[in-house]
Amino acid sequence: MAVDVLLGLQWGDEGKGKIVDVLSPDYDLIARFQGGPNAGHTLEFDGKKFVLNTIPSGIFFNNTLNLIGNGVVIDPITLKREIDKLKDAGHDLLAKKNLLIAKKAHLILPTHQLLDAASEKKMGEGKIGSTLKGIGPTYMDKTGRNGLRVGDILLPDFKERYQKLTDKHTSMLQALYGEVGDFSEREAAFFEAIELIKKFELVDSEHYVNNCIKTGKKVLAEGAQGTMLDIDFGSYPFVTSSNTTTAGACTGLGIAPQQIGEVIGIFKAYCTRVGSGPFPTELDNELGEELRQIGHEFGATTGRPRRTGWIDLPALKYAIMLNGVTQLVMTKADVLSGFEKIYACTHYNYQGEIIDYMPYDICTIKPEPVLKEIDGWNEDLTGIREIAEIPQKLANYITFLEKELDVPVKYLSVGPDRVQTLVLH
Ligand code: GDP
Ligand code: IMO
Ligand code: MG
């Protein structure tokens, strides 16, 4: 099987960027399949740290190509900023020719961001907690069959098409929210960025990826966000606007389901969430604050403090089922060092009934977590490079999780750097 998939099993920020970077040398192509610059994928190596929003996390290896797939929504301004930053750091993607962009990927316009902001403002307390990058409105235009795609930038009437859609957005903003807002600066930056995008190889990604498959190349599909933010199966309406699950890799790249090989599901040794919405195991207390500080749990894209809590096994089991996960990656085990006791939610108490699955109306009726107490470990894990060095109590935690989840934990991450990764199986 030619296409492996790596995706998040929780509410995002599980460490996808780091692990994709670690796995990249084994692949010929890394392909992002959904989401947009709401993502912030962090990777660290050689004392350097990069946060990627749109560009796949395989960009630092010379023999690996990177594709922004058709399922992604692209903000040209953010993409240009990423490209410029990488160039400043000595990674000139135009010269290296290691970034391809799908013609069918949709474009985020400056007015999509205004619509996002206006909608959130109007919702007040009930807001989604969006990253305000224009993701929802852009996917709405895609499914509403109004959107502009990357391939359109090559058409002679692109500016007129842009104007038509922008005019529609400004009249919506005026009618729904009573104001439009100034976007002249962003508009100029948008067109400047479009000129840069034209210099990259724009491809029919479905043909490109299928050709890779035919010629025996290895492809890794990189997800963004996490399963619990999936538009269909996440904690709706507190979700993002794309399918973050394995199925999204098929539609977001144009590959058939039978081409999918390993599905690598990634989770933190505990759990976090940014933005609004239900979070059954949330620690809205001092302990949660401690986890946030030790784990540096602040958004890579927005800088917002992440909500923190214990690992949620019913949610993880649900994610494993939806994605067909074959291998697990556990990250941030090092953050739990020094906690005398840690806890895993094994069930929910849902209106007096003990259940082990995610109920439908998790947003209106909060399930109470049923927690199992587990002995913590004291040892600093960040210097560990061999399986033999893993403290017994951490090994017990991993064995417990493997038994509960019925999937092997293949990789263990003990720090943000590329080298802080162990292969367990
Ligand atoms: P992504 O969106 O899934 O790529 O994850 P983010 O980059 O948003 O958030 C993960 C954060 O944890 C980043 O700051 C990473 O550098 C960091 N990180 C990844 N793995 C580990 C780990 O095993 N231990 C620690 N301490 N940090 C990690
Ligand atoms: P990565 O790929 C964590 C959250 C937002 C908000 C909800 C909807 O880095 O894991 P949107 O901007 O999509 O309309 O926001 O989804 N969200 C993320 N949370 N990691 C992400 O990406 C996220 N992308 C969106 O905080 O609650
Ligand atoms: Mg992130």
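Everything below is about the structure shown above.
This structure is a prediction, so every number in the text was calculated from the model and none was measured.

A. Focus on the packing of helix α11 (residues 313–323) against helix α12 (residues 392–405). At a minimum axis distance of 10 Å, the contact between α11 and α12 shows a crossing angle of 55°. Considering the angle they form, α11 stands oblique to α12. The hand of the α11/α12 crossing is right-handed. Of α12, the residues touching α11 (which contributes Leu313, Leu316, Lys317 and Ile320) are Phe400, Leu401, Glu404 and Leu405. Grouping the constituent residues of the contact of α11 with α12 by class yields 6 nonpolar, no polar and 2 charged.

B. Here's a closer look at the side chain of aspartate 4. The topology assignment puts aspartate 4 in strand β1 (residues 3–8). Buried charged residue aspartate 4 carries no salt bridge. Nearest counter-charge: lysine 218, at 4.2 Å. Engagement of the side chain of aspartate 4 in a polar contact is seen with the backbone nitrogen of glutamate 262, the distance being 2.9 Å. Other than its neighbours up to four places away in sequence, aspartate 4 contacts Tyr27, Lys218, Val219, Leu220, Ala221, Gly261 and Glu262.

C. Highlighting the site of ligand 1. Around ligand 1 lies a shell of 20 residues, among which Lys16, Gly17, Thr42, Asp334 and Ser413 are the nearest. With respect to ligand 1, the side chain of serine 413 contributes an N or O atom lying 2.5 Å from an oxygen atom. When ligand 1 is considered free in solution it has 580 Å² of accessible area, and contact with the protein chains removes 93% of it. Residue composition of the shell around ligand 1, grouped by class: 4 nonpolar, 8 polar and 8 charged.

D. Fine view of the site of ligand 2. Within the structure, ligand 2 sits among 21 residues, and Asp13, Lys16, His41, Thr131 and Thr240 are positioned closest to it. Residue histidine 41 places a side-chain N or O atom 2.7 Å away from an oxygen atom belonging to ligand 2. The separation between an oxygen atom of ligand 2 and a polar main-chain atom of glutamine 225 is 2.8 Å. Here the shell around ligand 2 is built from residues that sort into 8 nonpolar, 10 polar and 3 charged.

E. Looking closely at the packing of helix α2 (residues 76–88) against helix α7 (residues 184–197). Their axes nearest at 8 Å, the elements α2 and α7 cross at an angle of 60°. In terms of axis orientation, α2 runs oblique to α7. Considering only the axes of α2 and α7, their crossing is left-handed. Here Pro76, Ile77, Leu79, Lys80, Ile83 and Asp84 of α2 lie close against α7, whose contacting residues are Arg186, Ala189, Phe190, Glu192, Ala193, Ile194, Leu196 and Ile197.

F. Main features of the nonpolar core. In this structure, Met330, Leu336, Leu394, Tyr397 and Leu412 are the most contacted members of the largest nonpolar core, which totals 59 residues. The element that contributes the greatest number of residues to this core is α12, accounting for 6 residues. Not counting chain neighbours up to four residues away, the residues in contact with leucine 412 comprise Met330, Ala333, Ile390, Leu394, Ile398, Gln420, Thr421, Leu422 and Leu424. In this structure, Leu99, Ala105, Leu109 and Leu196 belong to the second largest nonpolar core, which totals 35 residues.

G. How the structure looks around the coordination of the magnesium ion (ligand 3). Coordination of the magnesium ion (ligand 3) by the protein involves Asp13 (OD) and Gly40 (O), with metal-donor separations of 2.1 to 2.2 Å. Of the two residues, aspartate 13 sits in the loop between β1 and α1 (16–23) while glycine 40 sits in the loop between β2 (29–32) and β3 (41–45), which places them 27 residues apart along the sequence. Assessed through its relative accessible area of 23%, aspartate 13 is described here as partly exposed. Given the relative accessible area of 10%, glycine 40 is considered buried.

H. View of the pattern of salt bridges. According to the stated counting rule, one finds 20 salt bridges in the structure shown. Across the pair aspartate 204 and lysine 104 runs a salt bridge, and its minimum N-O distance is 3.7 Å. Taken together, the positions of aspartate 204 in the loop between β9 (201–203) and α8 (205–214) and lysine 104 in the loop between β7 (99–102) and β8 (106–107) put the pair 100 residues apart, joining distant regions of the chain. Judged by its relative accessible area of 31%, aspartate 204 falls in the partly exposed class. Since its relative accessible area comes to 31%, lysine 104 is described here as partly exposed.

Cut-offs and rules
Residues numbered from 1 in each chain as written. Chains lettered and ligands numbered in written order. Predicted model: local features only at pLDDT ≥ 70, side-chain atom pairs only at ≥ 80, totals over all residues. Heavy atoms only, no water. Axes fitted to C-alpha atoms, helices over the stretch in contact; angles between N-to-C directions. Helix = DSSP H or I, 4+ residues; strand = E, 2+ residues; numbered from the N terminus. Parallel < 35°, antiparallel > 145°, perpendicular 65-115°, else oblique. Left-handed = near helix turned anticlockwise from the far one by under 90°. Contact = heavy atoms within 4.5 Å. Nonpolar A, V, L, I, M, F, W, Y, C, P; charged D, E, K, R; others polar. Buried < 20%, exposed > 50% of the residue type's maximum accessible area, 1.4 Å probe, protein only. Lys, Arg positive; Asp, Glu negative; His and termini not counted. Salt bridge = Lys/Arg side-chain N within 4 Å of Asp/Glu carboxyl O. Polar contact = N/O pair within 3.5 Å; in protein donor to acceptor, adjacent residues only side chain to side chain. Near = heavy atom within 4 Å. Areas by Shrake-Rupley, 256 points an atom, 1.4 Å probe, with all protein chains shown as cover. Core = buried A, V, L, I, M, F, W, Y, C linked by side-chain atoms within 4.5 Å. Donors = N, O, S within 2.8 Å, 3.2 Å for Na, K, Ca; no water.

Purely geometric numbers; function is a separate question.
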